[in-house]
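Given next are the chains, with one letter for each unit.
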Amino acid sequence: MNNTFYKEDNRSQLKRADFQKTINGKETDLFILTNASGAEAAITNYGGALLALMMPDKNGRYANVVQGHDSIDNVINSQEPFLSTLVGRYGNRIARGKFLLEGKEYQLTINNGPNSLHGGPTGFHARVWDAEQPSAQSLHLHYVSADGEEGFPGNLDVTVVYTLSDENELVITYTATTDKTTLCNLTHHAFFSLAGIADPTPTVDNNIVTVNADFFTPMDEVSIPTGEIAKVEGTPMDFRTPHTVGSRIDDDFEQLRLGMGYDHCYVLNKREAGTLSFAAKCVEPVSGRSMEVYTTEPGVQIYTANWHNGFEGAHGATFPARSAICFEAQHFPDTPNKGHFPSCVLKPGETYHQTTIYKFGVER
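On a predicted model such as this, the values are computed, not experimentally measured, just so you know.

Rules of the game
- Residues numbered from 1 in each chain as written.
- Predicted model: local features only at pLDDT ≥ 70, side-chain atom pairs only at ≥ 80, totals over all residues.
- Heavy atoms only, no water.
- Helix = DSSP H or I, 4+ residues; strand = E, 2+ residues; numbered from the N terminus.
- Buried < 20%, exposed > 50% of the residue type's maximum accessible area, 1.4 Å probe, protein only.
- Core = buried A, V, L, I, M, F, W, Y, C linked by side-chain atoms within 4.5 Å.
- Contact = heavy atoms within 4.5 Å.
- Polar contact = N/O pair within 3.5 Å; in protein donor to acceptor, adjacent residues only side chain to side chain.
- Pairing = 2+ DSSP bridges.
- Salt bridge = Lys/Arg side-chain N within 4 Å of Asp/Glu carboxyl O.
- Disulfide = S-S within 2.5 Å.

**Q** Got a minute to help me understand unusual backbone geometry in this structure?
**A** Most peptide bonds take the trans form, and the phi angle of most residues other than glycine is negative. Omega for the peptide link from Gly88 to Arg89 comes to 0°, which places this bond in the cis form. Cis geometry marks the peptide bond from Asp199 to Pro200; its omega dihedral reads -5°. Here Pro200 lies in the loop between β17 (187-188) and β18 (208-211). The phi dihedral of Ser223 falls on the positive side, at around 70°, and the residue is not glycine. With respect to the element layout, Ser223 can be found in the loop between β19 (213-216) and β20 (230-231). Accessibility expressed as a relative area gives 13% for Ser223, which makes it buried. Residues other than glycine seldom take positive phi values, yet Met260 does so here, at roughly 60°. Of note, Met260 is situated in the loop between α2 (254-259) and β22 (263-268).

**Q** Honestly, the nonpolar core in this entry has me stumped. Any pointers?
**A** Soluble, globular proteins show a tendency: their nonpolar side chains are buried together. Core analysis: the biggest nonpolar cluster contains 59 residues, and Leu53, Tyr162, Tyr262, Tyr266, Phe327, Tyr358 and Phe360 have the highest contact counts within it. Per element, the largest residue contribution to this core is five residues, and it comes from strand β14 (residues 156-164). When residues no more than four places from it in sequence are discounted, the contact partners of Tyr162 are Leu33, Ile43, Gly48, Leu86, Gln137, Ser138, Leu139, Leu141, Leu170, Val171, Ile172 and His188. Core analysis: the second largest hydrophobic core is formed by 15 residues, Tyr6, Leu14, Ile32 and Val128 among them.

**Q** Hey, could you run me through the environment of Asn306 in this one?
**A** Position of Asn306 among the secondary structure elements: in the loop between β25 (299-303) and β26 (311-312). Expressed as a C-alpha distance, the spacing of Asn306 and Gly227, which sit 79 residues apart in the sequence, is 23 Å. Ignoring anything within four residues of it in the chain, the contact list for Asn306 reads Ile249, Gly259, Met260, Gly261, Tyr262, Asp263, Ala321 and Arg322. Among the polar contacts listed, one links the side chain of Asn306 to the backbone oxygen of Gly259, at a separation of 3.0 Å. A distance of 2.6 Å separates the side chain of Asn306 from the side chain of Thr304, its partner in a polar contact.

**Q** Please clarify how the environment of Gln20 should be interpreted in this entry.
**A** Position of Gln20 relative to the elements: it lies in the segment before β1 (21-23). On the basis of relative accessible area, Gln20 is assigned to the partly exposed category, the value being 42%. Distance in space between the C-alpha atoms of Gln20 and Thr355 is 29 Å, their sequence separation being 335 residues. With residues up to four places along the chain from it excluded, the contact list for Gln20 reads Thr28 and Asp29.

**Q** Looking at this model, I keep getting lost on the sheet that holds β19. Mind explaining?
**A** Note: strands within a sheet are paired through backbone hydrogen bonds, in either parallel or antiparallel orientation. The strand order across the open sheet formed by five strands is β20-β19-β22-β25-β28, and the pairing between neighbours is antiparallel. The sheet is open, and its two borders are formed by β20 and β28 (326-330), each paired with just one other strand. Sheet topology note: the β19/β22 ladder contains three bridges and is antiparallel. Bridge pairing in β22 links Phe215 to Val267.

**Q** How should the pattern of salt bridges be read in this particular structure?
**A** Pairs can form between side chains of opposite charge once their charged atoms are near each other. If you walk through the whole model with that rule in mind, you get 13 salt bridges. Between Arg322 and Asp250 there is a salt bridge; the shortest N-O distance is 3.0 Å. Linking Arg322 in the loop between β27 (318-319) and β28 with Asp250 in the loop between β21 (243-244) and α2, this pair joins segments that are 72 residues apart in sequence. Several salt bridges converge on common partners, so that one network encompasses Asp214, Asp238 and Arg240.

**Q** I tried to follow the pairing of strand β10 (residues 104-107) on my own but got confused; where do I start?
**A** The side chains of a regular strand alternate, residue by residue, between the two faces of the sheet. Note: strand β9 (residues 98-101) against β10, four bridges, orientation antiparallel. Across the sheet, Lys98 pairs through a bridge with Gln107, a residue of β10. The hairpin turn running from β9 into β10, its antiparallel successor, is two residues long, and Glu102 in that turn takes a positive phi close to 50°.

**Q** Even after reading the chapter, I still don't get the state of the cysteines, so can you show me in this structure?
**A** Two cysteines form a disulfide when their sulfur atoms are joined by a covalent bond. According to the stated counting rule, one finds zero disulfides in the structure shown. In this model Cys265 remains outside any disulfide bridge; the closest cysteine sulfur is found in Cys344, 10 Å from its own. The exposure class assigned to Cys344 is buried, which follows from its relative accessible area of 4%.

**Q** Help me out: how do you make sense of the sheet that holds β21 in this one?
**A** Here nine strands make up an open sheet; going across it, the order is β12-β13-β14-β15-β30-β24-β23-β18-β21 and the pairing antiparallel. Because the sheet does not close on itself, it has two edges, and the strands there are β12 (130-135) and β21. Bridge analysis of strand β15 (residues 169-178) against strand β30 (residues 352-362) gives eight bridges, and the strand direction is antiparallel. If you follow Thr173 over to β30, its bridge partner there is Thr355.

By themselves, these are just geometric observations and shouldn't be taken as functional.
As structure tokens, this is what we get:
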């Protein structure tokens with residue numbers, strides 16, 4: 001394992017020794033990405049978890065703007081197993097964990113009410129990835145998901161590359177191939193707290209959010225899309241113009257009641273499928289930190305950490321309900337059971353591609 005870029009005096013104050021462990025014969029480690037402007041990303045190859053993202057505020061002060069843990073044991077045993085991890089083979093939910101593919105029914109592990117969520121309990125978030133860090137600004141992760149893993153068909157060969165650009169962009173690129181027709185819907189479940197994590201981490205109620213989406217996918221009482229593609233216009237789901245998260249999150253609106261807040265897939269406005277385009281923006285007005293999201297994916301799941309319960313993260317920070325916001329770039333939930341949704345089927349000879357960029361800045 002190549003890890004020649006680790007520095008003990010990293011901004012995140014994470015220690016490599018706290019992330020070194022052997023799991024099923026594979027080694028976990030801590031990797032630090034740094035750029036010319038002084039920003040930093042800390043990542044472990046266990047689940048590809050983003051442990052820290054050190055970004056400046058309007059006064060140049062750095063803070064960790066992503067929720068994570070400070071040891072490998074805490075990552076493994078987290079109360080939120082998907083805390084800022086990679087997610088696969090299938091981000092989001094599949095109804096009853098069942099789908100038909102080329103005439104055959106498959107049954108996945110059920111781990112969220114009656115449904116399969118985020119690839120199951122031993123999905124990509126709970127796997128040790130092979131890691132190589134070719135430069136101070138880039139980390140390459142590789143994993144082969146075996147045929148039948150969590151119920152999915154085919155050997156899926158996945159590479160994920162994290163790059164921290166000098167423009168304070170965290171760029172995540174995904175590629176995957178398969179030897180048998182399968183499903184592939186990958187995402188990253190970063191829990192962003194642009195104010196900086198703390199004890200307690202403040203809520204995101206004051207975060208000003210814009211989403212480039214005229215439509216969203218309404219869900220039922222177990223968070224499965226109804227199949228409708230609904231207009232955001234005239235509803236509290238409308239972020240086409242900037243609104244604070246807290247201004248409407250507690251409105252008497254069925255979709256917000258069902259999700260205990262925002263936990264919905266937005267249908268991004270795209271001129272052409274698969275193109276890299278603007279998806280969303282989030283501004284934390286006290287610190288002045290901003291984040292823009294760009295993606296090739298057709299959707300983005302916006303989740304306001306409604307089920308957080310104040311559990312402890314890195315360096316004694318605590319994560320109460322609504323103390324983070326997620327922008328999970330992905331295909332729509334339950335796509336294999338909704339024929340009119342963009343397909344997540346990947347066949348032999350095809351290559352899955354995704355690029356998602358989280359670009360950080362400041363607004364004074």
